[in-house]
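Commentary on secondary and tertiary structure
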Amino acid sequence: MTKEPPVTADDDAGRHTLDPRRRVTFGVGAVAVGFLVGLATLALAFAVSWGPGAPGVFLLALWYGIGVGVLTGLPLGIVLGLLLRPVANQWVHVGVFFAAFTLASFIVIALLSPSRVFLESLPIALIIGGAGAIARASVWKLVRVQ
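This one's a predicted model, so the numbers in the text were calculated from it and none came from an experiment.

Rules used throughout
For every chain, the first residue of its written sequence is number 1, and the numbers climb from 1 along that sequence. Totals for whole chains, interfaces and linings use every residue, but because this is a predicted model, local features are given only for residues with pLDDT of at least 70 and side-chain atom pairs only at 80 or more, for both listing and counting. Here the side-chain values reflect all heavy atoms present in the structure, with hydrogen atoms and water set aside. Numbering of helices and strands runs from the N terminus, with a helix taken as a DSSP run of H or I at least four residues long and a strand as a DSSP run of E at least two residues long. Here's how the labels work: a residue is buried when its accessible area is under 20% of the maximum for its type, exposed when over 50%, partly exposed in between, all with a 1.4 Å probe on protein chains only. A contact between two residues is defined here by any heavy atoms of the two lying within 4.5 Å. Here, Shrake-Rupley sampling with a 1.4 Å probe gives the accessible areas, and only protein chains in the shown set may cover a residue. Here, the arc refers to the directions that run from the helix axis to the C-beta atoms. Lines fitted to the C-alpha atoms define the axes, with helices restricted to the stretch that makes contact. Angles between their N-to-C directions range from 0 to 180 degrees. Roughly parallel here means an angle under 35 degrees, roughly antiparallel means over 145, roughly perpendicular means 65 to 115, and every remaining angle is called oblique. Less than a right angle of anticlockwise turn of the near helix away from the far helix marks a crossing as left-handed, whereas a clockwise turn marks it as right-handed. Cavities and pockets were defined on a 1 Å grid built from protein atoms only: a cavity is a group of points that admits a 1.4 Å probe but offers it no way out, a pocket is an open group of points flanked by protein on both sides within 12 Å along at least five of seven lines, and a lining residue is one with an atom within 4 Å of any such point. Grid points are joined across faces, edges and corners, and a volume is the space filled by probe spheres set on the points. Among buried residues, the Ala, Val, Leu, Ile, Met, Phe, Trp, Tyr and Cys ones that are joined through side-chain atoms within 4.5 Å form a nonpolar core. Note on residue categories: nonpolar means Ala, Val, Leu, Ile, Met, Phe, Trp, Tyr, Cys or Pro, charged means Asp, Glu, Lys or Arg, and polar means any other residue, Gly included. Scored from 0 to 100, pLDDT reflects the predictor's confidence in each residue. Expected helix span is taken as 1.5 Å per residue step, with the number of steps being one fewer than the number of residues. What we call the bend at a residue is the angle made by axes fitted to the seven residues finishing there and the seven residues starting there.

Observations concerning the overall build of the protein
When its secondary structure is counted, the protein shows five helices and four strands. Reading the protein from its N terminus to its C terminus gives the helix and strand order β-β-β-α-α-α-α-α-β. Buried residues in the protein amount to 29% of all 146 residues. A fraction of 63% describes how many contacts in the protein between residues 6 or more apart in sequence connect residues 24 or more apart. Per element, the accessible surface of the protein, about 9,500 Å² overall, is 75% carbon and sulfur.

What to know about helix 3 (residues 73-83)
The set of residues buried in helix 3 consists of Gly77, Leu80 and Gly81. The buried residues of helix 3 all sit within an arc of 100° when viewed along its axis, so they share a single face. On its buried face, helix 3 sits against helix 4 (90-112).

Description of the packing of helix 3 against helix 4
When two helices pack together, their arrangement is given by the angle between their axes and by how far apart the axes lie. Put simply, helix 3 and helix 4 touch, their axes get as near as 11 Å, and they point 140° apart. With respect to helix 4, the element helix 3 is oriented oblique. Here helix 3 and helix 4 pass one another in a crossing that is right-handed. In this structure, helix 3 contributes Gly73, Leu76, Gly77, Leu80 and Gly81 to the contact, and helix 4 contributes Val96, Phe97, Ala100, Phe101 and Ala104.

Some words on the layout of surface pockets
Taken as a whole, the largest pocket encloses approximately 1,000 Å³ of empty space. Mapped by element, the contributors of at least two residues to the lining of the largest pocket are helix 1 (28-47), helix 2 (54-71), helix 3, helix 4 and helix 5 (122-138). For the lining of the largest pocket, the leading source of residues is helix 1, giving nine residues.

A word on the nonpolar core
Note on soluble globular proteins: their nonpolar side chains tend to be buried together. Core analysis: the biggest nonpolar cluster contains six residues, these being Leu80, Leu84, Phe97, Ala100, Phe101 and Ile128. Counting residues per element, this core draws most heavily on helix 4, at three residues. In this view, alanine 100 contacts Leu76 and Leu80; residues no more than four positions away in its chain are not counted.

Things to note about the packing of helix 1 against helix 5
Contact pair helix 1 / helix 5: the axes reach a minimum separation of 8 Å and the direction vectors enclose 145°. As for the relative orientation of helix 1 and helix 5, their crossing is right-handed in sense. Here Val33, Gly34, Val37, Gly38, Thr41, Leu42, Ala45 and Phe46 of helix 1 lie close against helix 5, whose contacting residues are Ile124, Ile127, Ile128, Ala131, Ile134, Ala135 and Ser138. Here the contact of helix 1 with helix 5 is composed, by residue class, of 11 nonpolar, four polar and no charged.

So, the environment of proline 86
By the secondary structure assignment, proline 86 is in the loop between helix 3 and helix 4. Proline 86 sits 63 residues away from arginine 23 along the chain, and the two C-alpha atoms are 4.6 Å apart.

Digging into the confidence of the model for the protein
Low pLDDT means the predicted atomic positions in that stretch should not be read closely. Chain-level statistics for the protein give a pLDDT mean of 84 and a share of 84% at 70 or above. The low-confidence segment residues 6-18 (pLDDT under 50) makes 22 contacts with residues lying over four places distant or belonging to another chain.

Side note on helix 2
With 18 residues, helix 2 extends 25 Å between its outermost C-alpha atoms, agreeing within 8% with the 26 Å of an ideal straight helix rising 1.5 Å per residue. Helix geometry: helix 2 is bent most strongly at glycine 65, by close to 35°. Restricting attention to buried positions, one finds in helix 2 the residues Ala54, Val57, Ala61, Gly65 and Gly69. In this fold, the buried residues of helix 2 make contact with helix 1 and helix 3.

If you want it as structure tokens, here you go:
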């Protein structure tokens, strides 16, 4: 008969976990900072190639990015954060955020794009994935690793 580890209470949420030593916790502040950093990074990436029109494109990308990000990026980031709670290595978090945001955006762009060439969607998907990774890296000090 195998002996199970004791179930202990978690101080911040009152939930029970089998191994509270290996857990990453984050709050609303970390989610908000990550979302805003990702949004600003993506808007900057889209605006940088517009020359003199860059400030206007940046503001337009921010405006539309809020709506699109709340519906797509924010839920994806929260779900990834919750799924990665048992993983203590934050570099793994950054890598998974890059991969998941790249893959999700590549699939959506490829399905919605009138282009038949899937690789045309890859550069934009990589930019979105990079913004997701930068957003996760920006909250490195705001999460608690237990």
